[in-house]
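Here is what each chain is made of, one letter per residue.
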Amino acid sequence: MGSFDRAPRITPLVLLIACMTGQSVGTELSFVTCGSVVKLVNIKHNVRLHSHEVRYGSGSGQQSVTGVTAVEDSNSYWSVRGTSDSSCVRGAAVKCGQAIRLTHVNTGRNLHSHYFASPLSSNQEVSAFGEEGEGDHLDEWTVQCGGSVWKREEAVRFRHRATDALLAVTGEQYGRPIQGQWEVHAMLNPSQHSLWKTMEGVFLKPSESSSAHPDSSYKHSEF
């Protein structure tokens, strides 16, 4: 097991502040760290990756994952975690090419994909799966970015390890009961629809260990 396999415990007060203000805590960090709780926005469509206690009426029947335009919605927070065979030390910078899990904070289910067809576009379905942060190998995604670490201001892609498809939004919108929310799915070919960037969140600072930060001269501090 990796050293960060359990879902992280961000204090409710810190998360509440981030949610209410629509801002980030730990804003001096220029990169994403393990254990952080973030919102991810699709750059092409300006919608945030979202989930909720609504299941798909077709396909897998698992918890649905959508895109929303609302900034303040707490159902758009995801925690950045390691996998069963890849450690993610709390506070360490996430490296480009690293495998991670994204766990939905409010329901404890992991961002997941498989070969079921998505409801609107018939692309590859993306769902939320598992209990209390524990699911299976279909919850694992590789961060695709241009340098050594995942930078907060950088447009990145998330490639599903098992199927090689990319997390994407192409514009299809649902009717009731989630009217106006956008379909999130996975597609094999990279495009503008599969680019994501971190927005609001709680970004955990590195520990004193130089291995947690790409620059060994970084000084330790706590939020």
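It should be emphasised that the depicted structure is a prediction, and the values quoted were computed from it without experimental measurement.

Parameters and conventions
- Residues numbered from 1 in each chain as written.
- Predicted model: local features only at pLDDT ≥ 70, side-chain atom pairs only at ≥ 80, totals over all residues.
- Heavy atoms only, no water.
- pLDDT = per-residue confidence, 0-100.
- Contact = heavy atoms within 4.5 Å.
- Helix = DSSP H or I, 4+ residues; strand = E, 2+ residues; numbered from the N terminus.
- Buried < 20%, exposed > 50% of the residue type's maximum accessible area, 1.4 Å probe, protein only.
- Polar contact = N/O pair within 3.5 Å; in protein donor to acceptor, adjacent residues only side chain to side chain.
- Core = buried A, V, L, I, M, F, W, Y, C linked by side-chain atoms within 4.5 Å.
- Disulfide = S-S within 2.5 Å.
- Phe/Tyr/Trp six-rings, centres within 6.5 Å; stacked < 30°, edge-to-face > 60°.
- Pairing = 2+ DSSP bridges.

**Examining the confidence of the model for the protein chain**
Then comes step 1: For the protein chain, mean pLDDT is 85; residues scoring 70 or higher make up 81% of the total.
Then comes step 2: Segment residues 1–11: pLDDT under 50, and 32 contacts once partners within four positions in sequence are set aside and those in other chains are kept.
Then comes step 3: Note on residues 16–22: pLDDT under 50 across the span, and 10 contacts to partners over four residues away in sequence or across chains.

**Considering the environment of glutamate 183**
Then comes step 1: Residue placement: glutamate 183 occurs in strand β12 (residues 182–187).
Then comes step 2: Exposure remark for glutamate 183: the relative accessible area of 0% places this residue in the buried category.
Then comes step 3: Measuring from C-alpha to C-alpha, the distance between glutamate 183 and valine 65 comes to 7.5 Å, with 118 residues separating the pair along the chain.
Then comes step 4: Beyond its immediate sequence surroundings of up to four residues, glutamate 183 is in contact with Ser118, Pro119, Leu120, Ser121, Ala168, Val169, Thr170, Glu172 and Tyr174.
Then comes step 5: Separated by 3.4 Å, the side chains of glutamate 183 and serine 118 make a polar contact.
Then comes step 6: At a separation of 2.7 Å, a polar atom in the side chain of glutamate 183 contacts the side chain of histidine 185.

**Description of unusual backbone geometry**
Then comes step 1: The linkage connecting arginine 176 with the following residue, proline 177, adopts the cis geometry, with an omega of 5 degrees.
Then comes step 2: Considering the arrangement of structural elements, one finds proline 177 in the loop between β11 (166–173) and β12.
Then comes step 3: Of note in the backbone geometry, asparagine 46 takes a positive phi value of approximately 55 degrees without being a glycine.
Then comes step 4: With respect to the helices and strands, the residue asparagine 46 is situated in the loop between β2 (37–42) and β3 (47–55).
Then comes step 5: One non-glycine residue with positive phi stands out, namely glutamate 132, at about 50 degrees.
Then comes step 6: With respect to the helices and strands, the residue glutamate 132 is situated in the loop between β8 (124–129) and β9 (141–144).

**Here's the deal with the nonpolar core**
Then comes step 1: Grouped together as the largest cluster of nonpolar side chains are 36 residues, with contacts concentrated most on Leu49, Val65, Leu111, Trp150, Phe158 and Leu167.
Then comes step 2: Every element with two or more residues in this core is listed here: β2, β3, β5 (78–81), β6 (99–104), β8, β9, β11 and β12.
Then comes step 3: The element that contributes the greatest number of residues to this core is β12, accounting for 3 residues.

**Observations concerning the state of the cysteines**
Then comes step 1: Counting across every chain of the model gives 2 disulfides.
Then comes step 2: For cysteine 34, the disulfide goes to cysteine 88, at an S-S distance of 2.0 Å. A torsion of -95 degrees about the S-S bond marks the disulfide between cysteine 34 and cysteine 88 as left-handed. Residue cysteine 34 is found in the loop between β1 (24–25) and β2, and its partner cysteine 88 is found in the loop between β5 and β6; the two are separated by 54 residues along the sequence.

**Regarding the packing of aromatic side chains**
Think of a pair of aromatic rings as described by two things: how far the centres are apart, and how the planes are tilted against each other in angle.
Then comes step 1: For the coordinates displayed, the defined rule picks out 1 aromatic pair.
Then comes step 2: Plain terms: the ring middles of tryptophan 150 and phenylalanine 158 are 5.4 Å apart, the flat faces sit at 75 degrees to each other, and that makes the pair edge-to-face.
Then comes step 3: Its relative accessible area of 0% is what places tryptophan 150 among the buried residues.
Then comes step 4: Owing to a relative accessible area of 0%, phenylalanine 158 belongs among the buried residues under this scheme.

**Section: the side chain of histidine 114**
Then comes step 1: On the secondary structure map, histidine 114 appears in strand β7 (residues 110–117).
Then comes step 2: The exposure class of histidine 114 is buried, given its relative accessible area of 7%.
Then comes step 3: Among the polar contacts made by the side chain of histidine 114, one reaches the side chain of glutamate 125 at a distance of 2.6 Å.
Then comes step 4: Sequence-distant contacts of histidine 114, defined by excluding residues within four places in its chain, comprise Ser60, Gln62, Gln124, Glu125, Ser127, Leu138 and His160.

**Topic: the pairing of β9**
Then comes step 1: Sheet analysis places β6 next to β9, joined by 2 bridges and oriented antiparallel. The residue bridging isoleucine 100 from the neighbouring strand is tryptophan 141, located in β9.
Then comes step 2: Note: β9 against strand β10 (residues 157–160), 4 bridges, orientation antiparallel. Residue pairing in the sheet places threonine 142 in a bridge with arginine 159 of β10.

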